[in-house]
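Inside the fold
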Amino acid sequence: MSTPASDSAPSSGSAPAGIDVESVTAWLTTTIDDVRPPFRFAVIEGGHSNLTFDVTDDAGRRLVLRRPPLGAVLATAHDMEREHRVISAVGRTPVPVPTACGLCRDESVNGAPFYVMDYIPGVVLHDEETVESSLPDREQRQRVSESVVEVLAALHTAVPGVIGLGDLGRTEGYVDRQLKRWRTQWEKTKTRELPAMDQAFERLVDTKPEQRYTGIVHGDYRLGNMLIDPGSSRVVAVLDWELCTLGDVLADLGYLLNNWLEPGEDNYRGATAFPTQAGGFWTRSRLLDAYCDRTGFDREHVTHYQQYYQAFQHWRLAAIVEGVLSRYLKGVMGDNTADTDSYRDQVSNMATTSLALLGDL
């Protein structure tokens, strides 16, 4: 999920695809406290899985509505009740998340379940340009780096049973389950044959480490899924919890490191931007050290296995992006302008990168 870069309310106009204005208005009015119809709805650009809408009432109050895409492929990846439950529970920890306001299970209201949460003002660091304009000073970028690690450590050291997520999923065998899930997703949604994906899968199975640290795994933890307050240079909300589950938390760390490119490093995803390449952020090495300090995890163990988790996350993300590509090609994402060639290149590059990392293990 992303949010508009500015805090201005969306302009009025016809309702975007995925919103039944009359039914959703009635539900919002009877379910959410202190709202005043009519409502204006606008698509929040940037997300590639579930659809996200900015909802503004007649008094200027803003909310965010999340619903599955118009043609969901993998049901468990679009479970609104589960996502609503996760952010409600995580909100009891030091991890900043939007407040969950309501869940609609009745598909007759809007064609699919959806949930609503508070709108949190902030900036999503999508790219280097956003970093330059929002965080012009090196000190700000250093504070953001520290906050990113603090939040991840808080998530990974939270006790699932204490906050009501003890039964969110099986805790052991996380990588095995993820390999099976995304292999299935790949086979169902692939748009062409890609030998590197098959070869990397085999290597991931053969070199899989034993799971040592178990907890809540976000599944998509990166700057693009966070809201930053430029004033404090802190993370004020972590977004996109649709892939959250229980399991091997080092997978999140590997994913973050993959998205934490330093200035001058090759952009393995081509058109996709890496905001940390603007410079001034912590190095990956310092990020890893700070994570171990804050979690208490064994530094030698974490360091030794990070290359595997990074390879795993390149492969997993390749399968996810291929699913996104498939949905765009089928026209179910409400956007006919997506650069599908770029998505194809990204998948190929991630599969190749994963295989190269695994070759060194």
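Remarks on the overall build of the protein
A tally of helices and strands in the protein yields 11 helices and nine strands. The C-alpha radius of gyration computed for the protein amounts to 20 Å, which stays within 12% of the reference 21 Å derived for 361 residues, consistent with globular compactness. Principal-axis analysis of the C-alpha atoms places the extent of the protein at approximately 60 × 45 × 40 Å. Counting every position in the protein, which comprises 361 residues, the buried fraction comes to 55%. Taking contacts inside the protein between residues at least 6 apart in sequence as the whole, the part at least 24 apart equals 72%. Positive and negative side-chain charges in the protein, numbering 35 and 51 respectively, have mean positions lying 3 Å apart.

Regarding the environment of His314
With respect to the helices and strands, the residue His314 is situated in helix 10 (residues 299-330). The contacts of His314, once residues within four sequence positions are left out, are Asn258, Tyr268, Met350, Thr353, Ser354 and Leu357.

Describing the confidence of the model for the protein
Looking at the protein as a whole, its pLDDT mean stands at 91, while 91% of the residues score no less than 70. In the predicted structure, residues 1-13 sits below a pLDDT of 50 and forms 41 contacts with residues beyond four places in sequence or in another chain. Contacts of residues 73-77 to residues separated by more than four positions or lying in other chains number 13 contacts, the stretch itself having pLDDT below 50.

A look at the packing of helix 7 (residues 195-206) against helix 10
Helix 10 packs onto helix 7 with a crossing angle of 140° between their chain directions and a minimal axis gap of 11 Å. Here helix 7 lies oblique to helix 10, going by the angle between them. For the pair helix 7 and helix 10, the sense of crossing is left-handed. Of the residues in helix 10, those in contact with Met197, Ala200, Phe201 and Leu204 of helix 7 are Tyr308, Ala311, Phe312, Trp315, Ala318 and Ala319. Considering only residue class, the contact of helix 7 with helix 10 consists of 10 nonpolar, no polar and no charged.

As for the pattern of salt bridges
In a structure, side chains of opposite charge can pair up when their charged atoms sit close to one another. Summed over all chains, the structure comprises 22 salt bridges. For Glu83, the salt bridge identified is with Arg66, shortest N-O distance 2.7 Å. With a gap of 17 residues between them, Glu83 in helix 2 (residues 80-90) and Arg66 in strand 3 (residues 62-67) connect regions that are remote in the sequence. Here the two residues Glu83 and Arg66 agree in accessibility, since each one is buried.

Quick word on the sheet that holds strand 3
Here we have five strands laid out as an open sheet, ordered 1-2-3-5-4, and antiparallel in their pairing. The open sheet terminates on both sides in strands that have one partner only, identified here as strand 1 (40-43) and strand 4 (100-104). Strand-to-strand twist in this sheet, taken as the mean axis angle between neighbours without regard to direction, amounts to 25°. Alignment of strand 1 against strand 2 (residues 51-56), held across four bridges, turns out to be antiparallel. Opposite Arg40, over in strand 2, you have Thr56 as the bridge partner. Packed on one face of the sheet, helix 1 (residues 21-31) meets strand 1, strand 2, strand 3, strand 4 and strand 5 (114-118) and runs near 115° to strand 1.

Concerning the nonpolar core
Judged by nonpolar contacts, the single largest core of 91 residues is most densely connected at Val95, Val148 and Trp241. For this core, the element with the highest residue contribution is helix 10, accounting for 14 residues. With residues up to four places along the chain from it excluded, the contact list for Trp241 reads Glu83, Val86, Ile87, Val90, Val95, Val97, Leu155 and His218.

A few points about the side chain of Asp220
Positionally, Asp220 belongs in the loop between strand 6 (214-217) and strand 7 (226-229). Side-chain polar atoms of Asp220 contact the side chain of Tyr255, separated by 2.4 Å. In contact with Asp220, not counting residues within four places along its chain, are Asn225, Asp240, Asp252 and Tyr255.

Digging into helix 2
Of the residues making up helix 2, those classed as buried are Met80, Glu83, His84, Val86, Ile87, Ala89 and Val90. Those residues of helix 2 that are buried lie in contact with strand 3, strand 4 and strand 5. The N-cap of helix 2, judged by a side-chain oxygen 3.2 Å from the amide nitrogen of Glu81 a few residues on, is Asp79.

As for the state of the cysteines
In a disulfide, the sulfur atoms of two cysteines are covalently bonded to one another. In total, this model carries zero disulfides according to the counting rule given. Note on Cys244: no disulfide assigned, nearest cysteine sulfur contributed by Cys101 at a separation of 19 Å. We classify Cys244 as buried; its relative accessible area is 1%.

Comments concerning the packing of aromatic side chains
Scanning the model with the defined rule gives nine aromatic pairs in all. Taken together, a centroid distance of 5.7 Å and an interplanar angle of 35° make the contact between Phe201 and Trp315 tilted. Placement of the pair is Phe201 in helix 7 and Trp315 in helix 10, with a sequence separation of 114 residues. When the centroid spacing of 5.8 Å and the interplanar angle of 90° are considered together, the rings of Tyr308 and Tyr309 count as edge-to-face. The buried category is assigned to Tyr309, whose relative accessible area is 1%. Site record: aromatic cluster; members linked through ring pairs are Tyr213, Tyr291 and Phe297. Residue placement shows Arg62 over the ring face of Tyr119; its charged tip is 4.1 Å from the ring centre.

About the criteria used
Residues numbered from 1 in each chain as written. Predicted model: local features only at pLDDT ≥ 70, side-chain atom pairs only at ≥ 80, totals over all residues. Heavy atoms only, no water. Helix = DSSP H or I, 4+ residues; strand = E, 2+ residues; numbered from the N terminus. Rg over C-alpha atoms; globule rule 2.2 N^0.38 Å. Buried < 20%, exposed > 50% of the residue type's maximum accessible area, 1.4 Å probe, protein only. Contact = heavy atoms within 4.5 Å. Lys, Arg positive; Asp, Glu negative; His and termini not counted. Charge placed at Lys NZ, Arg CZ, Asp CG, Glu CD. pLDDT = per-residue confidence, 0-100. Axes fitted to C-alpha atoms, helices over the stretch in contact; angles between N-to-C directions. Parallel < 35°, antiparallel > 145°, perpendicular 65-115°, else oblique. Left-handed = near helix turned anticlockwise from the far one by under 90°. Nonpolar A, V, L, I, M, F, W, Y, C, P; charged D, E, K, R; others polar. Salt bridge = Lys/Arg side-chain N within 4 Å of Asp/Glu carboxyl O. Pairing = 2+ DSSP bridges. Core = buried A, V, L, I, M, F, W, Y, C linked by side-chain atoms within 4.5 Å. Polar contact = N/O pair within 3.5 Å; in protein donor to acceptor, adjacent residues only side chain to side chain. Disulfide = S-S within 2.5 Å. Phe/Tyr/Trp six-rings, centres within 6.5 Å; stacked < 30°, edge-to-face > 60°. Lys NZ or Arg CZ within 6 Å of the ring centre and 35° of its normal.

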